[in-house]
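Architecture at a glance
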Amino acid sequence: MNKKYPSKIIALHFASGVSRQPMMCNLARKFDLTFNILKARINPKEEGHMIIELMGPEEDFQKGLSYLQENGVSIQEVAQNIARDENLCMHCGICLSLCLTGALFLNPKTRLIEFNPEKCTACGRCTKICPVKAMQVQIDTNGE
């Protein structure tokens, strides 16, 4: 692919047994799509979950999504971001153990919890556990 295409972040949910198929390889090979795996938790004998950034021409993108659905993968577009309200955060650290990407981390110098939105995959785990609701979902209203 020579042309730069906008990316879309999607969540994939695999039923038992589907994770043994070369889905990501086929997206690139058969549909000329580029992907970046942002988060994956897959066990070949159980269900799996993956968040990917997918890029390619809209027509190929739609064909790739159809291919995934035809092969037992449920798809959800991730149209949200996570933000932190600095005024609410108590820096208790409860969110740290749930953040698999390292977007939330302890600054060793200040001993405060910091948030790097660039690393965040918008899984929403931190929003569910935060006792003061400092971590909040922001719905993307760009229409993409």
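Residues numbered from 1 in each chain as written. Predicted model: local features only at pLDDT ≥ 70, side-chain atom pairs only at ≥ 80, totals over all residues. Heavy atoms only, no water.

1. A closer look at the pattern of salt bridges
- Under the definition given, this model contains three salt bridges.
- The salt bridge partner of K8 is E58, with a shortest N-O separation of 3.0 Å. Here K8 is found in strand β1 (residues 7-14), whereas its partner E58 is found in helix α2 (residues 58-70), with 50 residues between them in sequence.
- Note on E58: relative accessible area 44%, which makes it partly exposed. (Salt bridge = Lys/Arg side-chain N within 4 Å of Asp/Glu carboxyl O. Helix = DSSP H or I, 4+ residues; strand = E, 2+ residues; numbered from the N terminus. Buried < 20%, exposed > 50% of the residue type's maximum accessible area, 1.4 Å probe, protein only.)

2. Observations regarding the state of the cysteines
- This structure, assessed with the given rule, holds zero disulfides.
- For the unlinked cysteine C95, the closest cysteine sulfur is that of C92, found at 6.2 Å. (Disulfide = S-S within 2.5 Å.)

3. Thoughts on helix α1 (residues 23-31)
- Within α1, the full set of buried residues consists of M23, M24, N26, L27 and F31. For α1, the angular spread of the buried residues around the axis is 160°, confining them to a single face.
- Next to the buried residues of α1 lie β1, β2 (34-41), β3 (48-55), α2 and β4 (73-77).
- D32 sits one or two residues past α1 and shows a positive phi near 55°. (Arc of directions from axis to C-beta. Contact = heavy atoms within 4.5 Å.)

4. Here we look at the confidence of the model for the protein chain
- Mean pLDDT over the protein chain works out to 84, with 92% of the residues at or above the 70 mark.
- Taking the mean pLDDT of every element in the protein chain, the minimum, 78, falls on strand β8 (residues 135-139) and the maximum, 96, on strand β6 (residues 104-106). (pLDDT = per-residue confidence, 0-100.)

5. Some points on the nonpolar core
- Counting residues in hydrophobic clusters, the biggest one holds 17 residues, and the most contacted among them are L12, M23, M24, L27, I52, L54 and L68.
- For this core, the secondary-structure elements that each account for two or more residues are β1, α1, β3 and α2.
- What M24 contacts, discounting residues up to four positions off in sequence, is L12, F35, M50, I52 and L68.
- Counting residues in each nonpolar core, the second largest holds 16 residues, with I82, A103, I113 and F115 among its members. (Core = buried A, V, L, I, M, F, W, Y, C linked by side-chain atoms within 4.5 Å.)

6. Points about the sheet that holds β3
- Ordered in space as β2-β3-β1-β4, the four strands form an open sheet in which the pairing is antiparallel. Sheet topology places β2 and β4 at the edges, where each strand pairs with a single neighbour. Looking at each pair of strands side by side, their axes are set apart by 25° on average, direction ignored.
- Of the strand pairs in this sheet, β1 and β3 are connected by eight bridges, and their pairing is antiparallel. Paired with F14 across the bridge in β3 is G48.
- Sitting on the sheet, α1 touches β1, β2, β3 and β4, and the angle it makes with β3 is about 15°. (Pairing = 2+ DSSP bridges. Axes fitted to C-alpha atoms, helices over the stretch in contact; angles between N-to-C directions.)

7. Quick look at unusual backbone geometry
- With a phi close to 60°, H91 is a non-glycine residue in the positive phi region.
- Note that H91 resides in the loop between β5 (80-84) and β6.
- By relative accessible area, which is 25% here, H91 ends up partly exposed.

8. Focus on the environment of M23
- Inspection of the secondary structure puts M23 in helix α1.
- Sequence separation between M23 and P131 is 108 residues; the distance between their C-alpha atoms is 38 Å.

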